[in-house]
Each structure stands twice: as C-alpha cells, then as structure tokens.
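In case you want the letters, here they are:
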Amino acid sequence: GAGVSQTPSNKVTEKGKYVELRCDPISGHTALYWYRQSLGQGPEFLIYFQGTGAADDSGLPNDRFFAVRPEGSVSTLKIQRTERGDSAVYLCASSLIGVAGGTEAFFGQGTRLTVV
Amino acid sequence: AQRVTQPEKLLSVFKGAPVELKCNYSYSGSPELFWYVQYSRQRLQLLLRHISRESIKGFTADLNKGETSFHLKKPFAQEEDSAMYYCALREGDKIIFGKGTRLHILP
C-alpha cells in the first residue's frame, strides 16, 4: 500500500505569510509525528498525535506553529507569520500504535519550505 | 535532556574496507536505540534497532551501556552504502535524532 504522503513537496512563501503543510499517514496508523529538519541537522521533534489529540507538543518552537488532526487521519501543520528561520524540510511520520508500543515509524518524503 | 551525539559529519571509506559510524548517547534509564538511513532522493527509513539484535544489509550495532555508545559497523563497505546515517533514541513516545553522518564509499 501507499506510504506516508506529504503535500506539497516544495513550498516557497514570502516572509509574514501563512502556510499549511499536509500529511497523509499510512491507513490505520494511530500515531503521527511532525519533525523539522534544518540544513546540516538531524530531524527535530515538533509534535506527536495519538488519534485526534496532540499527546506531546513540546517541540513546537513558538505559538506561530500549530497542528491539527481532526479525524485521526490526515494532519495539517500550520505556520503563521512565517520567518526566514522557518525554512527547513518538514517531515511527517506515522506508526501503527506509536514507537513506545514498539511499532516502527514510517517517514514521508517531506515538504521543503522556503521563506523568502 | 537526552542527547545523541554523532561526532563525524562525513566519513569516507574505500569500497571493501570496514565501516564504523560512531554514536554516543546520554539517557537516564534503559535506552532504546536505533539507526536510521536516508539514501539519495529517498525517504528516511529505519535501518536497525538495538532490541532486535539483527544484522541488516550487513550492518550491526551493539549497545554498550558502559561507554554509552551504539556504533554502527559493517565489515566490508559497498558502494550502495553511501547515504546519510542517523543515530536515534526513543524518549517516551518520540524519537530523538543525532545530527547525522554522511557516509561516502570511495570506489
């Protein structure tokens, strides 16, 4: 079946604009993760959903970042008033029940966000 | 805070030579460690996890709690091993990644 799908694959936006990044997890996976990967760095945790609820949002850098997963499947990462420092690859991953339960996290191809 | 350290940004190894990618961690408790790999133009994927104690594509990694290390090893490098490698540990229900090491296999 299909893996984790992220759209768009590339997004260029102007400083100060609002952007939405979408993640379609593997069907049936209850756990969903968002990561941010800046140039030369490893993926940095942002937020984790279990079903519809954000179980851990400790990685969100500030209140400009917000994520939702209203029906427990597709998730949207929303960034308000974008800044040049937000430029990065945003990765989404899903896992059947979550990595704490021993199930593997499968990653999408990422969305490359460039703020100009 | 839990940390994963990969001291080498880039490692160049001749084909057929042994490979060792270093990883050290700090964790208060019993760690669960992983190696992830990202080949060119492909998505990040799990290579192996220490609890499985398996060998994947000829790679092995042993958890050394005394040295707090989880180095990735392969006895004979192949050209297709060229990729970015990330060491990671599980903290609760999330995975914490190191900065990664780019492995470049020379012909």
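You'll find the structure just up there.
Analysis parameters
Residues numbered from 1 in each chain as written. Chains lettered and ligands numbered in written order. Predicted model: local features only at pLDDT ≥ 70, side-chain atom pairs only at ≥ 80, totals over all residues. Heavy atoms only, no water. Disulfide = S-S within 2.5 Å. Helix = DSSP H or I, 4+ residues; strand = E, 2+ residues; numbered from the N terminus. Buried < 20%, exposed > 50% of the residue type's maximum accessible area, 1.4 Å probe, protein only. Contact = heavy atoms within 4.5 Å. Buried area = accessible area lost by both parts, 1.4 Å probe. Polar contact = N/O pair within 3.5 Å; in protein donor to acceptor, adjacent residues only side chain to side chain. Core = buried A, V, L, I, M, F, W, Y, C linked by side-chain atoms within 4.5 Å. Pairing = 2+ DSSP bridges. Axes fitted to C-alpha atoms, helices over the stretch in contact; angles between N-to-C directions.

**Notes on the state of the cysteines**
Residues and elements named next belong to chain A.
Working step 1: Tallied over the full model, the rule gives two disulfides over all chains.
Working step 2: A disulfide bridge connects Cys23 with Cys92, and the sulfur atoms are separated by 1.9 Å. Here the disulfide of Cys23 and Cys92 is left-handed, its torsion about the S-S bond being about -70°. Residue Cys23 is found in strand β3 (residues 19-24), and its partner Cys92 is found in strand β9 (residues 88-95); the two are separated by 69 residues along the sequence. Of the two residues, Cys23 and Cys92, both sit in the buried class.

**A look at the interface of chain A and chain B**
Working step 1: Contact with chain A, which involves 23 residues of that partner, is made by 17 residues of chain B.
Working step 2: Between chain A and chain B the total buried area reaches about 1700 Å² when both faces are included, carbon and sulfur atoms providing 49% of it.
Working step 3: Considering only the side of chain A, the residues that lose the most area to chain B are Val99(A), Phe107(A) and Gln109(A), jointly responsible for 30% of the buried surface there.
Working step 4: Put simply, chain A and chain B have 12 residue pairs in polar contact (both at pLDDT 80 or more) between them.
Working step 5: Those elements that place two or more of their residues in the side of chain A that touches chain B are β4 (31-37), β5 (44-50) and β10 (105-107) of chain A.
Working step 6: Looking at the side of chain A that touches chain B element by element, the count peaks at three residues for β4(A).

**A few points about the nonpolar core**
All names here are of chain B.
Working step 1: Counting 25 residues, the largest nonpolar core has Leu21, Trp35, Leu47, Leu48, Leu72, Tyr85 and Leu103 as the members making the most contacts within it.
Working step 2: Those elements giving two or more residues to this core turn out to be β2 (10-14), β3 (19-21), β5 (33-38), β6 (45-49), β9 (83-91) and β11 (101-106).
Working step 3: Not counting residues up to four positions away in its chain, the partners in contact with Leu72 are Val19, Glu20, Leu21, Trp35, Leu47, Leu48, Phe59, Thr60, Ala61 and Tyr85.

**What about the environment of Gly85(A)?**
Residues and elements named next belong to chain A.
Working step 1: Residue placement: Gly85 occurs in the loop between β8 (75-79) and β9.
Working step 2: Given a relative accessible area of 60%, Gly85 falls into the exposed group.
Working step 3: Here the alpha-carbon distance between Gly85 and Gly3, two residues 82 residues apart in the chain, equals 29 Å.

**Quick look at the sheet that holds β3(B)**
All names here are of chain B.
Working step 1: Taken in spatial order, the three strands line up as β3-β8-β7 in an open sheet, and their pairing is antiparallel. Every other strand in the sheet has two partners, leaving β3 and β7 (60-61) as the edge strands with one partner each.
Working step 2: Taken together, the three bridges between β3 and strand β8 (residues 72-74) define a ladder with antiparallel strand orientation. Paired with Glu20 across the strands is Lys73, a residue of β8.

**Some words on the sheet that holds strand β1 (residues 5-7) of chain A**
All names here are of chain A.
Working step 1: If you trace the four strands from one edge of the open sheet to the other, you get β1-β3-β8-β7, paired in antiparallel fashion. Two strands close off the open sheet at either side, each with one partner strand: β1 and β7 (65-68). Across the sheet, the axes of successive neighbouring strands diverge by a mean angle of 15°, strand direction being ignored.
Working step 2: Summarising the sheet, β1 and β3 pair through three bridges and their orientation is antiparallel. The partner of Gln6 across the bridge, within β3, is Cys23.

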